[in-house]
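Spelled out, the chains give:
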Amino acid sequence: MTDNTQNKSFETDLNRLKDIVKLLEEGNLSLEDSLKYFEEGIKIYRRCINVLNSAQQRISLLLHDEDGEIKTQPFDVYEEE
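Residues numbered from 1 in each chain as written. Predicted model: local features only at pLDDT ≥ 70, side-chain atom pairs only at ≥ 80, totals over all residues. Heavy atoms only, no water.

Draft legend 1. Molecular detail of the overall build of the protein. Per the secondary structure count, the protein includes two helices and two strands. If you list the helices and strands of the protein from N to C, you get α-α-β-β. In the protein, buried positions account for 11% of the 81 residues. Sequence separation of at least 24 residues holds for 36% of the intrachain contacts in the protein that already meet a minimum separation of 6. Surface accessibility of the protein: about 7,200 Å² in total, with carbon and sulfur atoms responsible for 51%. (Helix = DSSP H or I, 4+ residues; strand = E, 2+ residues; numbered from the N terminus. Buried < 20%, exposed > 50% of the residue type's maximum accessible area, 1.4 Å probe, protein only. Contact = heavy atoms within 4.5 Å. Areas by Shrake-Rupley, 256 points an atom, 1.4 Å probe, with all protein chains shown as cover.)

Below, the structure written as C-alpha cells:
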C-alpha cells in the first residue's frame, strides 16, 4: 500500500469512527444496532492504532554524533527544547 493510499484509508477510517461515535452517543439505536456499530468501531480503532504505531516507529531524526557519525534518534513529540 502506498503512503498516499494509506493516508487516505486512515483518514477515511478516522472519519467513519467519528460517525460511529456520534451515532452511539445519540442513543437512538437499538441494542443490536448499537452492538453492530460498536464492533465496527473497535475494528476501525484497531486499524487506526496500527497505522499510528507504524508511523511512530518510522519517524526518526538523523543526527550527527561527536565523531561525525550519523545516528538515529527516536522522535519525541513531547520533548522540550
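So much for the structure itself; the text now carries on.
Draft legend 2. Molecular detail of the packing of aromatic side chains. Enumeration according to the criterion identifies zero aromatic pairs in this entry. Above the plane of the ring of Tyr37 lies Lys36, whose end atom (NZ or CZ) is 4.8 Å from the centre. (Phe/Tyr/Trp six-rings, centres within 6.5 Å; stacked < 30°, edge-to-face > 60°. Lys NZ or Arg CZ within 6 Å of the ring centre and 35° of its normal.)

Draft legend 3. Quick look at helix α2 (residues 31-58). For α2, built from 28 residues, the straight-helix expectation of 40 Å at 1.5 Å per residue is met to within 8% by its first-to-last C-alpha distance of 40 Å. Those residues of α2 that fall on the buried side of the exposure criterion are Tyr37, Gly41, Ile44 and Cys48. (Expected span 1.5 Å × (residues − 1).)

Draft legend 4. Region of interest: the nonpolar core. In this structure, Phe10, Leu17, Ile20, Tyr37, Ile44 and Cys48 together form the largest nonpolar core, which totals six residues. Elements represented by at least two residues in this core include exactly α1 (3-26) and α2. Apart from residues no more than four positions distant in its own chain, Cys48 is found in contact with Phe10, Asp13 and Leu14. (Core = buried A, V, L, I, M, F, W, Y, C linked by side-chain atoms within 4.5 Å.)

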